[in-house]
2 protein chains.
Amino acid sequence: MKPVLDETHDPSARSWVESANSPDSDFPIQNLPFGVFRRHSDSGAKVGVAIGDSVFDLAGLRNENLLGNHADVLSAAEACTMVSQAPGAISLNALMALGAGPRRALRLRLFEFLRNDAPSSLRQAVARHLLAHTEVEMLLPAVVGDYTDFYASIFHAANVGKLFRPDNPLLPNYKYIPIGYHGRASSLVLSGASIRRPCGQTREANADPRFGPTKSLDYEVEVGFFVGRGNRLGESIPIREAEEHIFGICLLNDWSARDVQAWEYQPLGPFLAKSFATSLSPWVVTMEALAPFRAAAFERPAGDPPPLPHLSDAGDREFGGLDLTLEVSLQSARMREMIMPPAVLSRGNSRDLYWTMAQMLTHHASNGCNLRPADLLASGTVSGPDIAHAEKSARGCLLELTSRGANPITLPSGEQRKFLEDGDEVTLRGFCEGSGFRRIGLGSCRGSILPASI
Amino acid sequence: MKPVLDETHDPSARSWVESANSPDSDFPIQNLPFGVFRRHSDSGAKVGVAIGDSVFDLAGLRNENLLGNHADVLSAAEACTMVSQAPGAISLNALMALGAGPRRALRLRLFEFLRNDAPSSLRQAVARHLLAHTEVEMLLPAVVGDYTDFYASIFHAANVGKLFRPDNPLLPNYKYIPIGYHGRASSLVLSGASIRRPCGQTREANADPRFGPTKSLDYEVEVGFFVGRGNRLGESIPIREAEEHIFGICLLNDWSARDVQAWEYQPLGPFLAKSFATSLSPWVVTMEALAPFRAAAFERPAGDPPPLPHLSDAGDREFGGLDLTLEVSLQSARMREMIMPPAVLSRGNSRDLYWTMAQMLTHHASNGCNLRPADLLASGTVSGPDIAHAEKSARGCLLELTSRGANPITLPSGEQRKFLEDGDEVTLRGFCEGSGFRRIGLGSCRGSILPASI
């Protein structure tokens, strides 16, 4: 679908929240991502919008009737203050369920409130509902019913395939089907949560299987995307309508125990190698905010089959991609002691994904499977091609970066890494920039490794 | 864990609800399974207990303060009337979350109420809260967060393995790991819901892949079991404690599109071949009701490795199995026209599972994955060994029964079946009987096939 650009994308628009005008801010007035926060650990959850270094409290705005009379704006604001799912839990679920119209109307209204030419009376009224990021604790943005992880990077699939199946790296279905599997929803955690090194069953060479802490703990840098309006069981979602069912995106780290995965994954796929934790960034960047950075879908090399008709749409080919840079950095415990900053390990881009978000979503519902608001889909590891003399590798996990440990990487502290060690902190960052538009950032997704509990 | 027998298992106990005393009733006073019902489509959901051909309304009992003062009974009854999860939705989730103590206390109290020597004043008061099964509509018993499907029958794994990988039927991990994968929670449906034939991508021989209605729709007869008390993220569940985390069991039909499965399943496992629908029976039979039918775990043939220590417990070996008969029957549209009863296709027993419920649950949490109350685990297809001259095959799906269509079965109407046809109705039944105890039934799990929507 051709992205719609409007005044909210105007790169010259500035906010009276000064921190939002800094060129390296992830959250300028053109972004306005949604999240869930609380002020103190004992207070209730609220829906907020990030602007610069502040959080805008939507419940406060609504309670003071500052939002005007537009029906879509009001229904979106009502959804932001509804208790949905588990008792007492505010989440983005209800807003996601409303679909694109109310979300867009609310975005426009918030843009008017926050731009630097807003009337000063409005500005004063609104400013009372701004909180500093440092005053709030972020919570998971949504109550995820089902979480599905895809495998949409052909570079990742080929690199991993070579390691697990040297004779047969890329399976014959890969270019026809957006390969995916169901992940674990219960163990989704927010950025900042520590990750306990999991135990699991592994087998080395021809030794007997053993149970113990994983020796090859890895991260995977992914783009997560949340379902907005759902579909009913038994109905599919035509590819032309697919993006209308996507609310927005976040960063996702699909922590993986490679030794467990290698032993368990046949024939039913990854299970405990992944289900111990998956980290999400707190701010969900809407499809509207991403509009200036939509790009052509990955160009299939000559000789590759075209997608089957139900997965093919001109709009998707022209604008189905997203020019989003994804960066992984690592800081070891020793680096923290030495006061060394995290080292960037890789830099990739979601334009390199073989399948678009629309294709993944349409494929998912093509058998009539019902997607519910706030269901989470993810791209799989975003890796790009290996380019000689590139500043950074585009390989999005250590399995690929170190060729399963065969070629360890060296950190600035002199330490080597085949896989993650206890005390390592992994940080994902994602941002769109260039083409004369304001930078749109996803923020960060962090996690530190705790020792195994046995 | 050694099953505890008490007065509620006394086979001579009878109920004043006469239909419960029929020897072929699934729901004698010794059973008392929990479910969720409503009286009319416009009235609210309530938690009930099945007794003979009636449903006992727990909210009604609680509202009249008939339950006495026992703290566990009262907390269980309160949980049955709490609105949990989605707004307005009554489910078994809160009762499941309480763990085994309150559930057992409530069972004892209900047994006292319903036995035929209950004081007549109590009986009269209680009888007002009995409804005929025909007066109520059943609903899904729980709001399932995550659904996990195992592959615990070695006979099924070997039969299927032969068809998909003739050279390599049983993979080397099978005897070490209870193989499982995450299923789709959103498409869990209640017994009675019609199943729309799904579309999907398939590839025949060396033809080009195509998208269309599956040509090999199948059922799988499984035992589902619900998590009671959960575990926290990062904590495991020792095998000795595993059964304390299981609330009870139901029948589960894991509908499968075999042609879709064959093309999509590598390397990440089944996805759209399964996610279009999974049917559950409405009544959850508690672990207490099953106590008389616990049996030794499957005896591993000489030469098979013992389970690793964390999956091994003497109690599990001695009593980890369950002597539960599982029966599949099919009635085609033509059989219905000819007024022929459903034909039994197979009869298996969960004693033949290679892995016990406790082993599956302990394995699932062994990496610290948090299981939440009302999460659903399932056994995978329950198949048994092929026994010459057995009355019925113990193969629990058509893939196995017809060797992937190579040997069609013949129905009493003269029709042949390789896989399911539109209009076919599949009914699963499950029951424990024998050893001098009263029969404990799971009821039935039904579904009819609707034509594909394109």
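Residues numbered from 1 in each chain as written. Chains lettered and ligands numbered in written order. Predicted model: local features only at pLDDT ≥ 70, side-chain atom pairs only at ≥ 80, totals over all residues. Heavy atoms only, no water.

(A) The packing of aromatic side chains, seen in detail. Evaluation of the coordinates by the stated rule reveals 22 aromatic pairs over all chains. Relative to tryptophan 355 of chain B, the ring of tyrosine 354 of chain B lies with its centre 5.7 Å away and its plane at 70°, an arrangement referred to as edge-to-face. Tryptophan 355 of chain B matches tyrosine 354 of chain B in its accessibility class, with the two residues each being buried. The structure contains a cluster of three or more aromatic residues connected by ring pairs, namely Tyr151, Phe155, Tyr174, Phe298, Tyr354 and Trp355 of chain A. For the cation-ring pair, arginine 404 of chain A lies above phenylalanine 164 of chain A, with the distance from its terminal atom to the ring centre recorded as 4.4 Å. (Phe/Tyr/Trp six-rings, centres within 6.5 Å; stacked < 30°, edge-to-face > 60°. Buried < 20%, exposed > 50% of the residue type's maximum accessible area, 1.4 Å probe, protein only. Lys NZ or Arg CZ within 6 Å of the ring centre and 35° of its normal.)

(B) Structural view of the interface of chain B and chain A. Contacts between chain B and chain A engage 59 residues on the former and 59 residues on the latter. For the pair chain B and chain A, the summed buried area comes to about 5500 Å², and 60% of that belongs to carbon and sulfur atoms. Counting the contacts that link chain B with chain A gives four salt bridges. Linking arginine 184 of chain B and aspartate 146 of chain A is a salt bridge whose minimum nitrogen-to-oxygen distance equals 3.4 Å. (Contact = heavy atoms within 4.5 Å. Buried area = accessible area lost by both parts, 1.4 Å probe. Salt bridge = Lys/Arg side-chain N within 4 Å of Asp/Glu carboxyl O.)

(C) A look at unusual backbone geometry. All names here are of chain A. Residue glutamine 266 is joined to proline 267 through a cis peptide bond whose omega torsion reads 5°. The topology assignment puts proline 267 in the loop between α7 (258-264) and β16 (278-280). Located in the positive-phi region is alanine 205, a residue other than glycine, with phi close to 40°. Summarising the element assignment, alanine 205 is placed in the loop between β10 (199-202) and β11 (210-213). (Helix = DSSP H or I, 4+ residues; strand = E, 2+ residues; numbered from the N terminus.)

(D) Focus on the relation of the copies chain B and chain A. Its rotation angle being 180°, the transformation that places chain B on chain A also includes 0.0 Å of axial translation and leaves an RMSD of 0.0 Å. Considering both components of the superposition, the chain copies are consistent with a two-fold axis. For chain B, the residue whose C-alpha comes nearest the rotation axis is glycine 269 of chain B, separated from it by 2.1 Å. Both copies contact each other with a shared surface, as 100% of the interface residues of chain B are interface residues in chain A too. (Least-squares fit on C-alpha atoms with pLDDT ≥ 70 in both.)

(E) Examining the packing of helix α2 (residues 71-80) of chain A against helix α4 (residues 100-114) of chain A more closely. Residue and element names in this part refer to chain A. Across the interface, α2 lies against α4 with an axial gap of 8 Å and an inter-helix angle of 95°. Of the possible angle classes, the one that applies to α2 and α4 is roughly perpendicular. Counting all contacts with α2, which are made through Asp72, Val73, Ser75, Ala76 and Cys80, the residues of α4 involved are Gly101, Pro102, Ala105, Leu106 and Arg109. Of the residues in the contact of α2 with α4, the class split is six nonpolar, two polar and two charged. (Axes fitted to C-alpha atoms, helices over the stretch in contact; angles between N-to-C directions. Parallel < 35°, antiparallel > 145°, perpendicular 65-115°, else oblique. Nonpolar A, V, L, I, M, F, W, Y, C, P; charged D, E, K, R; others polar.)

(F) Seen up close, the pattern of salt bridges. Following the criterion strictly, the structure yields 64 salt bridges over all chains and no others. Where arginine 104 of chain A meets glutamate 244 of chain A, a salt bridge forms, and the shortest distance between an N and an O atom there is 3.0 Å. Residue arginine 104 of chain A is found in helix α4, and its partner glutamate 244 of chain A is found in the loop between β13 (221-227) and β14 (246-253); the two are separated by 140 residues along the sequence. Here aspartate 218 of chain B makes a salt bridge to arginine 258 of chain B, at a shortest N to O gap of 2.9 Å.

(G) Geometry of the sheet that holds strand β5 (residues 137-139) of chain A. Residue and element names in this part refer to chain A. Ordered by their spatial adjacency, five strands build an open sheet running β4-β3-β2-β1-β5, and the pairing between neighbours is antiparallel. What marks the edges here is a single partner per strand, and that holds for β4 (130-132) and β5. This sheet shows a mean twist of 50° between the axes of neighbouring strands, independent of strand direction. Contacting β1 (34-38), β2 (46-51) and β3 (54-57), α4 runs over the sheet at an angle of about 120° to β3. (Pairing = 2+ DSSP bridges.)

(H) Region of interest: the sheet that holds strand β9 (residues 195-196) of chain B. Residues and elements named next belong to chain B. Spatial strand order, β9-β26-β25-β20-β21: five strands in an open sheet with mixed pairing. Since the sheet does not close on itself, it has two edges, and those belong to β9 and β21 (343-349), each with one partner. When strand β25 (residues 425-434) meets strand β26 (residues 437-450), the two strands line up antiparallel, connected through eight bridges. In the strand pairing of β26, leucine 428 is matched with cysteine 445.

(I) Quick peek at the pairing of β2 of chain A. All names here are of chain A. Taking burial as the measure, the six residues of β2 include five buried ones, the bulk of the element. As paired strands, β1 and β2 are joined by four bridges and run antiparallel to one another. Bridge assignment links valine 36 to a residue of β2, and that residue is valine 47. Note: β2 against β3, four bridges, orientation antiparallel. Residue pairing for β3: valine 49 is matched across the bridge by phenylalanine 56.

(J) Structural detail: the side chain of arginine 300 of chain B. Residues and elements named next belong to chain B. Mapped onto the elements, arginine 300 comes out in the loop between β18 (294-295) and α9 (314-319). Summary of buried charges: arginine 300 has no salt-bridge partner, and the nearest side chain of opposite charge, aspartate 304, is 5.7 Å away. Side chain to side chain, arginine 300 and tyrosine 354 meet in a polar contact 3.4 Å long. Other than its neighbours up to four places away in sequence, arginine 300 contacts Lys175, Pro305, Pro306, Pro307, Tyr354 and Trp355. (Lys, Arg positive; Asp, Glu negative; His and termini not counted. Polar contact = N/O pair within 3.5 Å; in protein donor to acceptor, adjacent residues only side chain to side chain.)

(K) Structural detail: the pairing of strand β13 (residues 221-227) of chain B. Residue and element names in this part refer to chain B. Counting buried positions along β13 gives seven out of seven residues, so the element sits mostly inside the fold. Alignment of β13 against strand β14 (residues 246-253), held across seven bridges, turns out to be antiparallel. Bridge assignment links glutamate 222 to a residue of β14, and that residue is leucine 252. Bridge analysis of β13 against strand β22 (residues 376-378) gives three bridges, and the strand direction is antiparallel. Pairing of glycine 224 across the sheet is with alanine 378, part of β22.

(L) The environment of glutamine 124 of chain B, seen in detail. All names here are of chain B. Inspection of the secondary structure puts glutamine 124 in helix α5 (residues 120-127). Since its relative accessible area comes to 58%, glutamine 124 is described here as exposed. Between the C-alpha atoms of glutamine 124 and valine 223, which are 99 residues apart in sequence, the distance is 37 Å.

(M) Representation of α2 of chain A within the structure. Residue and element names in this part refer to chain A. Among all positions in α2, only Val73, Ala76, Ala77, Ala79 and Cys80 are buried. Within α2, the buried residues cover an arc of 155° as seen down the axis, which keeps them to one side. The inward-facing, buried residues of α2 contact β2, α1 (58-63), α3 (93-97) and α4. (Arc of directions from axis to C-beta.)

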